[in-house]
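Working through the structure, step by step
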Amino acid sequence: MYFTDRMALGNKLADTLTNVRGTDAVLVCMKPSSMMVAVGMAIKLRASILPLFYEKLTNPLDTTAKLGALEQSGEFCLNPSITENDYEYIKQEFMAQIEDQKREAMSRLNQAVNEYHGTTDPHILNNRTVILVGDVMMNSLELEVAKLLLKPLTPQRVYGAVGNVTIDVSEQFRINTDESIVLDVLPSSVMGEDHYFESQDVYSVEEKQKLAIYIAQYWA
């Protein structure tokens, strides 16, 4: 499915979730590229936004792939496309390299969290409706990070809301949320994420984060 831009995608997803409008819901933005989707949804649903902070690690066996990600608490989340047996082998062969990556990633992560002037406390998700927001998702690593974030928390209900996903990601959304809205399921061979939007974001990452903070303050 194609969209005018990510804001339009957010509006379309919000129209499928009118039942949570005005319920103090929180949109967990799973990817930096999904922020304008979350902004569009937040305006229509009177919801606030919590960015998901994480840093991805490169797979030493394949520098074009990701080994996993560090969540803001410092916990490591393995890329679901990598088996535990393969990960054990990678750890044995590249332990020092992986630990170096983790230290560098944690430094970048701490800097990103410190530079964000809104709340980054995941405990705001307790006893609230949580909506995991994505734009185009071809891998479920971000969803695994979101699961790790939510594991110790007690949200009332967890929704998934995403535009285009691959078949395996669609299945993971179905398994890991109470209800998921997926607008289109893509074949395994897909174009780049930006391909599905006629226009790209005009705001910088910093500007999009400021929009998220203003929205949260407005609905507080």
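Structure: above.
Presented here is a report on the structure given in the accompanying data block. (Residues numbered from 1 in each chain as written. Predicted model: local features only at pLDDT ≥ 70, side-chain atom pairs only at ≥ 80, totals over all residues. Heavy atoms only, no water.)

**So, the packing of helix α1 (residues 6–15) against helix α2 (residues 35–45)**
It is the contact of α1 with α2, at a shortest axis distance of 7 Å, that shows an interaxial angle of 45°. Classified by the interaxial angle, the pair formed by α1 and α2 is oblique. Considering how the two elements wind past one another, α1 and α2 form a crossing that is right-handed. Across the interface between the two elements, Arg-6, Met-7, Leu-9, Gly-10, Asn-11, Leu-13, Ala-14 and Asp-15 from α1 touch Met-36, Val-37, Val-39, Gly-40, Met-41, Ile-43, Lys-44 and Leu-45 from α2. (Axes fitted to C-alpha atoms, helices over the stretch in contact; angles between N-to-C directions. Helix = DSSP H or I, 4+ residues; strand = E, 2+ residues; numbered from the N terminus. Parallel < 35°, antiparallel > 145°, perpendicular 65-115°, else oblique. Left-handed = near helix turned anticlockwise from the far one by under 90°. Contact = heavy atoms within 4.5 Å.)

**Points about the sheet that holds strand β6 (residues 129–137)**
Pairing in this open sheet of 5 strands is parallel, and the strands run β2-β1-β6-β7-β8 from one edge to the other. Both outer strands of the open sheet, β2 (48–51) and β8 (179–186), are each paired with one neighbouring strand and no more. Geometrically, the sheet is characterised by an average inter-axis angle of 20° between neighbouring strands, direction not taken into account. Sheet topology note: the strand β1 (residues 26–29)/β6 ladder contains 4 bridges and is parallel. Pairing of Val-28 across the sheet is with Leu-132, part of β6. Seen against the sheet, α2 touches β1, β2, β6 and β7 (157–166) and runs at an angle of roughly 140° to β6. (Pairing = 2+ DSSP bridges.)

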